[in-house]
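The residues making up each chain are set out below.
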Amino acid sequence: MADSQVNQRRSPGSFVAQRVKQLSPSGIRKFFDLLASMEGVISLGVGEPDFVTPWHIREAAVYSIEKGYTMYTSNYGMPELRQALARHLEGRYGVRYDPAQEILITVGVSEALDLAIRAIVDPGDEVITQDPCYVSYMPCVHLAGGAFVPVPTHFENEFKVSAADIEKRVNRRTKAILLGYPNNPTGAVMDRAELLKISEVAQRHDLLVISDEIYDRLVYGVEHTCFPSLPGMADRTILVGGFSKSYAMTGWRVGYACARPELIEAMVKVHQYAMLCAPIMAQMAALEALKFGERDVLEMVEEYDRRRRVMVKGFNDMGLPCFEPKGAFYVFPSVKPTGMSSEEFAEKLLLEEKVAVVPGSAFGQCGEGHVRCCYATSMAEIQEALARIARFVQRHRGRS
Ligand SMILES: Cc1ncc(COP(=O)(O)O)c(C=O)c1O
């Protein structure tokens, strides 16, 4: 090889694909990195239960290791887990899935979302979703070569997405609507009548719906509507859900996708090469959760509900308007009365009062002017955090 060629060797970074170069790092990560370098911080930042996975669920995984269940499972996941899930979904929501062909166990809902999007999106296909939304939706669509089409949602309407606004954005390139309710970051829920209207849009324009229902169990005083239970929607919905939030199992990495066999088969094609299967110990734990974890879920929901009320009141009392979110474990107060952008608010609050919240802008343009605060933390910490934030707001109100 000539010397001139050696000198022109590419730098490691230049091997990175354009699509990946164009992805911006998650707005949440930046704050966690800053937070990791500080002491005495109360974090309302991470979207993760503060509860440890209930002992009987952990024990099921210990048992699996003890008994030597250390091998691969079927690409689709353990048959017993799929059967239990089919029973669970039919019992709760009346939706029927054949455990042999219509359920896929994934490595968290993260993988289920990625698979669903990769399985259906061709280059140039458009996917419509609500803004603000969970941080992985846009990157997954972009990595699949698709176009991401956000639909604005607003505080005045409690961040619900309207069917009419979705329909305005439908064109011949639209492939799917991606819904995430109960919503991260806003805590918004959608009732059955509103979801019905969206299902009509999907049917009118022959679209698929990917419904991210990871927070289905975390609702307060309202009923969760499972999207594929709506008339005509079972054939055109990929339902994704999981164990991370309901059973306090974020570290186990188990989720699932349910859809008609052709769609699940397409997702399995990607899953079998990228992931092969979810870890067997985690699947055994998930099976235990489904069979015997109901009481734990109800206890955790009751506790989240108490904290939720304290948070909503706390923010409204200090003059940061906060609608009452009926799902997930987030509140999404407006920080506009301080005159700061959501990023400026979050950064100053962290540095001055050592409370971590996530700027709403990390979740889309419509999140600007708000911050996401997760109440899956102890009541004592919530109360201390609220006192610190109130002090901060008092100091900065009208100053910036
Ligand atoms: C809306 C939403 N979908 C998916 C996920 C990913 O969940 P998992 O831990 O199951 O991968 C999260 C996690 O925060 C989420 O909030």
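Residues numbered from 1 in each chain as written. Predicted model: local features only at pLDDT ≥ 70, side-chain atom pairs only at ≥ 80, totals over all residues. Heavy atoms only, no water.

(A) Structural view of empty space enclosed by the protein. Inspection of the entire model under this criterion finds two cavities of 30 Å³ or more. Estimates place the volume of the largest cavity at around 100 Å³. Taken together, 13 residues form the lining of the largest cavity, with Tyr 181, Pro 182, Leu 195, His 224 and Thr 225 sitting closest to its centre. For the lining of the largest cavity, the class distribution of residues is eight nonpolar, three polar and two charged. Estimates place the volume of the second largest cavity at around 50 Å³. For the second largest cavity, the full set of lining residues is Leu 85, His 88, Asp 216, Arg 217, Gly 242, Phe 243, Ser 246, Tyr 247, Tyr 256 and Leu 290. Grouping the amino acids of the lining of the second largest cavity by side-chain chemistry returns five nonpolar, three polar and two charged. (1 Å grid on protein atoms, 1.4 Å probe; cavity = no way out; pocket = protein on both sides within 12 Å on 5 of 7 lines; lining within 4 Å. Points joined across faces, edges and corners; volume = space filled by probe spheres on them. Nonpolar A, V, L, I, M, F, W, Y, C, P; charged D, E, K, R; others polar.)

(B) Spatial organisation of the packing of helix H13 (residues 342-353) against helix H14 (residues 379-396). Direction vectors running N to C along H13 and H14 enclose 115 degrees, while the axes themselves pass 11 Å from each other. One way to sum up the angle between H13 and H14 is to call them roughly perpendicular. In this structure, H13 crosses over H14, and the sense of that crossing is right-handed. On the side of H13, the interface is formed by Phe 345, Lys 348, Leu 349, Glu 352 and Glu 353, while H14 contributes Arg 388, Ile 389, Arg 391, Phe 392, Val 393, Arg 395 and His 396. Class assignment for the residues of the contact of H13 with H14 results in five nonpolar, one polar and six charged. (Axes fitted to C-alpha atoms, helices over the stretch in contact; angles between N-to-C directions. Helix = DSSP H or I, 4+ residues; strand = E, 2+ residues; numbered from the N terminus. Parallel < 35°, antiparallel > 145°, perpendicular 65-115°, else oblique. Left-handed = near helix turned anticlockwise from the far one by under 90°. Contact = heavy atoms within 4.5 Å.)

(C) Representation of the sheet that holds strand S7 (residues 237-242) within the structure. Taken in spatial order, the seven strands of this open sheet run S2-S8-S7-S6-S5-S3-S4, and their pairing is mixed. Of all strands in the sheet, those with a lone pairing partner are strand S2 (103-106) and strand S4 (147-152), marking the two edges. Neighbour-to-neighbour, the strand axes of this sheet turn through a mean angle of 20 degrees, independent of strand direction. Of the pairings in the sheet, the one linking S2 to strand S8 (residues 255-258) comprises four bridges and is antiparallel in character. Directly across from Ile 105, in S8, lies its bridge partner Tyr 256. Strands in contact with helix H5 (residues 79-93) are S2, S7 and S8; relative to S2, the strand with the most contacts, it is inclined by about 115 degrees. (Pairing = 2+ DSSP bridges.)

(D) Molecular detail of the sheet that holds strand S11 (residues 358-359). The three strands lie next to each other as S9-S12-S11, forming an open sheet whose pairing is antiparallel. Pairing within the sheet leaves two strands with one partner each, and these edge strands are strand S9 (330-331) and S11. Of the strand pairs in this sheet, S11 and strand S12 (residues 371-374) are connected by two bridges, and their pairing is antiparallel. Across the sheet, residue Pro 359 finds its bridge partner in S12, namely Val 371.

(E) Up close: the pairing of strand S6 (residues 208-212). Counted residue by residue, S6 has five buried out of five residues, so it is predominantly covered. On S6, burial covers both faces: Leu 208, Ile 210 and Asp 212 on one face and Val 209 and Ser 211 on the other are all buried. For strand S5 (residues 174-179) and S6, the ladder comprises four bridges, and the chain directions are parallel. Residue pairing in the sheet places Leu 179 in a bridge with Ser 211 of S6. In this region the chain leaves S5, passes through helix H9 (residues 192-204) and returns to the parallel neighbour S6; the handedness of that crossover is right-handed. For S6 and S7, the ladder comprises four bridges, and the chain directions are parallel. (Buried < 20%, exposed > 50% of the residue type's maximum accessible area, 1.4 Å probe, protein only. Right-handed = clockwise from strand over helix to strand, strands pointing away.)

(F) Representation of the site of the ligand within the structure. The ligand sits among 13 residues. The nearest are Val 109, Ser 110, Asp 212, Lys 245 and Arg 253. Taking Ser 244, its side chain carries an N or O atom lying 2.8 Å from an oxygen atom of the ligand. A distance of 2.7 Å is found between an oxygen atom of the ligand and a side-chain nitrogen or oxygen belonging to Arg 253. Contact with the protein chains removes 93% of the 390 Å² of surface that the ligand exposes when unbound. Examining the composition of the shell around the ligand, we find that four residues originate from one element, helix H6 (residues 108-120), more than from any other. Class assignment of the residues belonging to the shell around the ligand gives a composition of six nonpolar, four polar and three charged. (Near = heavy atom within 4 Å. Polar contact = N/O pair within 3.5 Å; in protein donor to acceptor, adjacent residues only side chain to side chain. Areas by Shrake-Rupley, 256 points an atom, 1.4 Å probe, with all protein chains shown as cover.)

(G) Just the nonpolar core, in detail. Among the nonpolar cores identified, the biggest contains 106 residues, and Ile 238, Phe 243, Phe 315, Phe 329 and Phe 345 are the most heavily contacted of them. The contact partners of Phe 329, leaving out residues within four places of it in the chain, are Gly 47, Glu 48, Pro 49, Tyr 215, Leu 218, Tyr 220, Lys 245, Tyr 304, Cys 373, Cys 374, Tyr 375 and Ala 376. Membership of the second largest hydrophobic core comes to 24 residues, among which are Ile 177, Leu 179, Val 201 and Ala 202. (Core = buried A, V, L, I, M, F, W, Y, C linked by side-chain atoms within 4.5 Å.)

(H) Expanded view of helix H11 (residues 280-292). For H11, with 13 residues, the first-to-last C-alpha span of 18 Å sits near the 18 Å given by 1.5 Å per residue. Most of H11 sits out of view: 10 of its 13 residues are buried. Taken residue by residue, H11 has Ile 280, Ala 282, Gln 283, Met 284, Ala 285, Ala 286, Leu 287, Glu 288, Ala 289 and Leu 290 as its buried positions. Next to the buried residues of H11 lie helix H4 (55-66), H5, S2 and helix H12 (294-317). (Expected span 1.5 Å × (residues − 1).)

(I) How the structure looks around H6. In this model H6 runs 19 Å from its N-terminal to its C-terminal C-alpha over 13 residues, within 8% of the 18 Å that 1.5 Å per residue would give. Counting buried residues along H6, 10 of its 13 residues qualify, which places the element largely inside the surrounding structure. Restricting attention to buried positions, one finds in H6 the residues Gly 108, Val 109, Glu 111, Ala 112, Leu 113, Asp 114, Leu 115, Ala 116, Ile 117 and Ile 120.

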